[in-house]
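# Chain and residue survey
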Number of protein chains: 2
Amino acid sequence: MVTIKDVAKEAGVSVATVSRVLNENGYVGADTRKKVMKAMANLHYSPNEVARSLYKRESRLIGLLLPDITNPFFPQLARGVEDEVNKEGYRLLLGNSDEDVQKELDYIQTFVQNNVVGMVSATNTVDHELYNALQLPLVLLDRTTEDYPSVYSDGREGGRLAAKTILEKGARHITLMKGPAHVKPAQDRYKGAMEMLSEAEVDFSVFSTYSYSFEDATSWAKELFTKYPDTDAVIASNDIVGIAVLHEALKRGKRIPEDVQIIGYDDIPQCSLSYPALSTIRQPAYEMGRQAAQLLIKLIRKENDVDKTIQLPVQLVERSTTRKE
Amino acid sequence: MVTIKDVAKEAGVSVATVSRVLNENGYVGADTRKKVMKAMANLHYSPNEVARSLYKRESRLIGLLLPDITNPFFPQLARGVEDEVNKEGYRLLLGNSDEDVQKELDYIQTFVQNNVVGMVSATNTVDHELYNALQLPLVLLDRTTEDYPSVYSDGREGGRLAAKTILEKGARHITLMKGPAHVKPAQDRYKGAMEMLSEAEVDFSVFSTYSYSFEDATSWAKELFTKYPDTDAVIASNDIVGIAVLHEALKRGKRIPEDVQIIGYDDIPQCSLSYPALSTIRQPAYEMGRQAAQLLIKLIRKENDVDKTIQLPVQLVERSTTRKE
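In the nomenclature of an unreviewed UniProt entry, chain A is known as LacI family DNA-binding transcriptional regulator of Pontibacillus salicampi.

Set out below in structure tokens:
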């Protein structure tokens, strides 16, 4: 078996230096580090053995399950998680579940097989039986249940705020878009908006949607104005859908925000690039990712007095698709 | 030491079933699989040991290095890689380098420590000395050099096509935006466009930029029209920048495409959501990711006669920011 001494000899450095590289502690210059890594590669030295037998270093892998990284809300979330785990010396195994229970199960199995020390899950298909059995520190991100530690933003309040904004700006024929039924945060914001609209003396229509994909968004936008041609304000289920509605309204010759006001949800980076720029309710995606990672690391380290349910505030971002008065 | 027999006993299934779960071959029902995974977790069974000593199963981890997943071009690329490696039973370790050599080195070190069997790298800071020394199968994605297997799209041709399109549509005061100097694909498309413009009898200006961030894009768009107010066509360095230019032109009361034509690059999903929708040169990002993963897996499996340099074609996507005639 190749030992750490062999690696030190091959690299022409001390055993202590190899140890510092392996344990990622203490200062090692970039050139020296490369030498050690080369020596490890040349000798086909298996760091797993070191990790277990020589240094008892635990795995530093954390699993991150997302629904789909190509939905523009999730890259920000993922970067927040990655930057924070990276800072603390952990690394990310990434999986996109596509909201498919079987795929999620596959990924969790691989996470277990690769000895992850914890998991962040932003999927909608949390299987309690399995998650409980795994006995791994787990943080739900962008979702919450009473059963698990979680980091999320206040969707109910976000929905209320979106509706309140539209109401205050004098809308008369409001269309409220309802997001996919299986996405809990979408339902929270829908409920919040519905509450607020129901409290007001105003007529409104509800328009149901079942995904957040770019293609679907475009066809919903068309359908919305066909079904409800008098709509003068749209509370969109998220920003992608909001931008599609904006686009469709402009195509139909409507002035924004004079004829139709639109408010999105999430504040993805693309909002400020739409024209007119989309008003929206901001979720602090990067910060949510960061705090989920922080919470998970506290749980991995078995710290005491950890706040296991973290709700972050949402915020109105007024751009140009809502009226100024 | 906990053995596979203990796991089988705890789960109430046969050893063969546990083996099928561990090796991910043969059919195992979801419920049975959960039982086995629970048993593994309950017994603190370390699958690494199995992997090495019982089944000689190799690591199935592949490292993916990206510049920054929050740039909308990369999620598509990453999904292509992930879907393909996933199909073949491999899993992805993800790292964002932010084009920082030190960070890249850190990630590669972790990849080595976690025993990855191969690596896909889409960064601009390939350190030949290190990459050679690692002796790991490696595929460059969205970049190419003669030294490594690579999958990329034809940037030179893409630049030529963008310029050709603008020229044919009667532009007279063209501004060509040059992307970041350290990003090779940006330079390729710049060169292609420059060649085509130089061959034509037309005046044009070059406008230099040094990043692709959303914030920078907005300020460049302003600066561009201040410096070159007569611009009637912009060849943007990518879609994000193109959408920012579009936005700024509309703000200044210019009609699109009558007064100003704009062509982007990449065909990120957001193009069809801009208004007017952005004409662009399409890179097949998802397909590039998929083919990079396929190539890497062939290299890992030491297949013969593998084509190690794969150039995918680009394509003009005409939307509404270029004239119809």
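Text resumes after the structure shown.
## As for the overall build of chain A
The helix and strand inventory of chain A stands at 12 helices and 12 strands. A principal-axis box enclosing the C-alpha atoms of chain A has dimensions of 80 × 40 × 35 Å. By residue count, 62% of the 325 residues in chain A fall in the buried class. Taking the intrachain contacts of chain A between residues at least 6 apart in sequence as the baseline, contacts between residues at least 24 apart amount to 69%. Accessible area of chain A: about 13,000 Å², with a carbon and sulfur share of 47%.

## Some details on the pairing of strand E10 (residues 279-282) of chain A
Residue and element names in this part refer to chain A. Sheet analysis places strand E9 (residues 261-266) next to E10, joined by 4 bridges and oriented parallel. Across the sheet, residue Gly264 finds its bridge partner in E10, namely Thr280. Sheet analysis places E10 next to strand E12 (residues 315-317), joined by 3 bridges and oriented antiparallel. Opposite Arg282, over in E12, you have Gln315 as the bridge partner.

## Some points on the sheet that holds E10(A)
Residues and elements named next belong to chain A. As summarised here, the arrangement of the 6 strands in space is E7-E6-E8-E9-E10-E12, forming an open sheet in which the pairing is mixed. For this open sheet the edge positions go to strand E7 (204-208) and E12, each flanked by a neighbour on one side alone. For this sheet, the mean angle separating the axes of adjacent strands, direction not counted, is 20 degrees. Pairing between strand E8 (residues 233-235) and E9: 3 bridges, direction parallel. Paired with Ala233 across the bridge in E9 is Gln261. Most of the contacts of helix H8 (residues 155-168) go to E9, to which it runs at about 165 degrees, and overall it touches strand E6 (174-178), E8, E9, E10 and E12.

## Observations regarding the packing of helix H10 (residues 214-227) of chain A against helix H11 (residues 239-251) of chain A
Relative orientation and spacing of two packed helices are given, respectively, by the angle between their axes and the distance between those axes. Residue and element names in this part refer to chain A. At a minimum axis separation of 8 Å, H10 and H11 run at an interaxial angle of 50 degrees. Taken as axis vectors, H10 and H11 run oblique relative to one another. The two elements H10 and H11 cross, and the hand of that crossing is right-handed. Here Phe214, Ala217, Thr218, Ala221, Lys222 and Phe225 of H10 come into contact with H11, specifically with Ile240, Val241, Ala244, Val245, Glu248 and Ala249. Classifying every residue of the contact of H10 with H11 by side-chain character gives 9 nonpolar, 1 polar and 2 charged.

The rules behind these values
- Residues numbered from 1 in each chain as written.
- Chains lettered and ligands numbered in written order.
- Predicted model: local features only at pLDDT ≥ 70, side-chain atom pairs only at ≥ 80, totals over all residues.
- Heavy atoms only, no water.
- Helix = DSSP H or I, 4+ residues; strand = E, 2+ residues; numbered from the N terminus.
- Buried < 20%, exposed > 50% of the residue type's maximum accessible area, 1.4 Å probe, protein only.
- Contact = heavy atoms within 4.5 Å.
- Areas by Shrake-Rupley, 256 points an atom, 1.4 Å probe, with all protein chains shown as cover.
- Pairing = 2+ DSSP bridges.
- Axes fitted to C-alpha atoms, helices over the stretch in contact; angles between N-to-C directions.
- Parallel < 35°, antiparallel > 145°, perpendicular 65-115°, else oblique.
- Left-handed = near helix turned anticlockwise from the far one by under 90°.
- Nonpolar A, V, L, I, M, F, W, Y, C, P; charged D, E, K, R; others polar.

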